[in-house]
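What follows is the residue order along each chain.
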Amino acid sequence: MSDFAPLPPEDDALAAEYVLGLLDTAERATAERRRRVEPAFAAAVTAWENRLSPLNAGFDEVPVRNLLPAIEARLFPVAEQPRRRWFAPFAGALTAAALAVAIIAVLPPPVPEVAPLTASLAAEGQALAFSARIDPADGTLTLIRTGGAPAEAGQDLQLWVIGADGVPASLGLIREAESTRPAAGLTPGQVLAVSLEPAGGSPTGQPTGPVLVTGVIAEG
Amino acid sequence: MAEDPVADWLSRVGSGDRAAFRALYAATSAKLFGVALRILGTRSEAEDAVQEVYTRVWLNARKFDPSKGAGMTWLIAIARYHAIDRLRARPPAMQSDDEVLDALPDDTPGVLDRIVAAGDAQRIADCFATLEPGRAAAVQGAYLQGLSYQALARRHDVPLNTMRTWLRRSLLKLKECMEG
């Protein structure tokens, strides 16, 4: 079932406890970190997920109001622009056939899809976590807080990208659970970081407070 | 694992296919809402959880590996972990409220019947049957309701370490039985 040497029984038990959800917050965070970095532990977790999956029959299906619009608004904050309206003024002057020919002839070639970039910002022992999604086509970054709490009064969280020269450049403050900001030119391999700053952000233009979470930008 | 439409949708979602994402949502949201509601107990919090879960599904779908398990298993794991994280993040007063725990229905016997009825895995039902009843109930209570060691110890009125020993032994036994 696994390509790895068997885990010590203690670790396999921990994997089972993690999958069952028995652990407290600190133990849970440790197990999650091990899952990310230890393939053998990750395989044990997957094996327990599969082993216990018949219990999923114990969860009822419960109809829920349509949450898809809210989810899509979070994930795809910039509405897709309708592009075809430009020919409307001419439509009356052309027959349908001529219109079809005209559209084929005039429509620009499809823009090649630019793959989105993502990053997960987290740190060991840190409840705060963010998911970032970068749309290179329109140069925006959507940041969603997936764990932890906003900064307390008198403080702000600030987002940074670490450039190739190692110098952090500010991408602005993070005051909402989800937010979209302009961020052109981000590339895979760059590091995003969130630091804790005085209210209003770093007074120096460089991080002054502790860096709480980081994540590497990756394709996809 | 011949047919797994959820896995197919997930692989398309992983390459950024929004139509597949909508289809996936339509087919699976009632189940994932059921998971979140069972663990969190209120519709509003379960709705919040489901939104977050699908956000993560979109962001992580390309990590799904169909050779390692079924698509629905992967989705439910994300939903359970997120709901449990929310449960653990509640203030301690809300987590340890005995009245709340006592109010939760303990419908464990019905669960096993339904697994068998679903023809899903006679084996796990048989293996649960080899455990002492209280311990089988504790394993299922943890899985289905997100009960922590503390909550289980309180519910079964045993010290926390006893509960931990019980459950570890039960899980080992379960694994041996299912692989035997």
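A. Just the overall build of chain B, in detail. Scanning chain B for helices and strands turns up eleven helices and zero strands. Shown N-terminal to C-terminal, the secondary structure of chain B runs as helices and strands in the order α-α-α-α-α-α-α-α-α-α-α. Out of the 180 residues in chain B, the part that is buried amounts to 51%. Across chain B, the fraction of contacts at a sequence separation of at least 24, relative to all contacts at a separation of at least 6, is 63%. When the accessible area of chain B is evaluated, it comes to approximately 8,200 Å², of which 53% is carbon and sulfur surface.

B. Structural context of the pairing of strand β3 (residues 140-147) of chain A. Residue and element names in this part refer to chain A. Counting buried residues in β3 gives seven out of eight residues, a clear majority hidden from the surface. The sheet contact formed by strand β2 (residues 129-135) and β3 spans seven bridges and is antiparallel. Note that in β3 the partner of serine 131 across the bridge is isoleucine 144. What sits between β2 and β3 in their antiparallel hairpin is a turn of four residues, with glycine 139 showing a positive phi close to 65°. Two strands pair when backbone bridges link them, and β3 and strand β6 (residues 178-182) are joined in this way by five bridges, in the antiparallel orientation.

C. Just the environment of B:Gln150, in detail. With respect to the helices, strands and loops of the structure, B:Gln150 is situated in helix α10 (residues 149-156). For the pair B:Gln150 and B:Leu160, spaced ten residues apart in sequence, the C-alpha to C-alpha distance is 6.1 Å.

D. The environment of A:Glu178, seen in detail. Residue and element names in this part refer to chain A. Inspection of the secondary structure assignment puts glutamate 178 in strand β6. Using a relative accessible area of 35% as the deciding quantity, one classes glutamate 178 as partly exposed. C-alpha separation for the pair glutamate 178 and serine 131, spaced 47 residues apart in sequence, amounts to 9.4 Å. Those residues in contact with glutamate 178 that lie beyond four places of it in its chain are Arg74, Leu143 and Ile144.

E. Spatial organisation of the interface of chain B and chain A. Taken together, the 58 residues of chain B in the interface contact 56 residues of chain A. Summing both sides of the interface, chain B and chain A together bury roughly 5,500 Å²; the carbon and sulfur share of this comes to 57%. Summed over the shared surface of chain B and chain A, the number is ten salt bridges. Taking the shortest distance from any N to any O, the salt bridge between B:Glu179 and A:Arg51 comes out at 2.8 Å. Viewed at the interface, chain A and chain B are joined by 28 residue pairs in polar contact (both at pLDDT 80 or more).

Cut-off values and rules
- Residues numbered from 1 in each chain as written.
- Chains lettered and ligands numbered in written order.
- Predicted model: local features only at pLDDT ≥ 70, side-chain atom pairs only at ≥ 80, totals over all residues.
- Heavy atoms only, no water.
- Helix = DSSP H or I, 4+ residues; strand = E, 2+ residues; numbered from the N terminus.
- Buried < 20%, exposed > 50% of the residue type's maximum accessible area, 1.4 Å probe, protein only.
- Contact = heavy atoms within 4.5 Å.
- Areas by Shrake-Rupley, 256 points an atom, 1.4 Å probe, with all protein chains shown as cover.
- Pairing = 2+ DSSP bridges.
- Buried area = accessible area lost by both parts, 1.4 Å probe.
- Salt bridge = Lys/Arg side-chain N within 4 Å of Asp/Glu carboxyl O.
- Polar contact = N/O pair within 3.5 Å; in protein donor to acceptor, adjacent residues only side chain to side chain.

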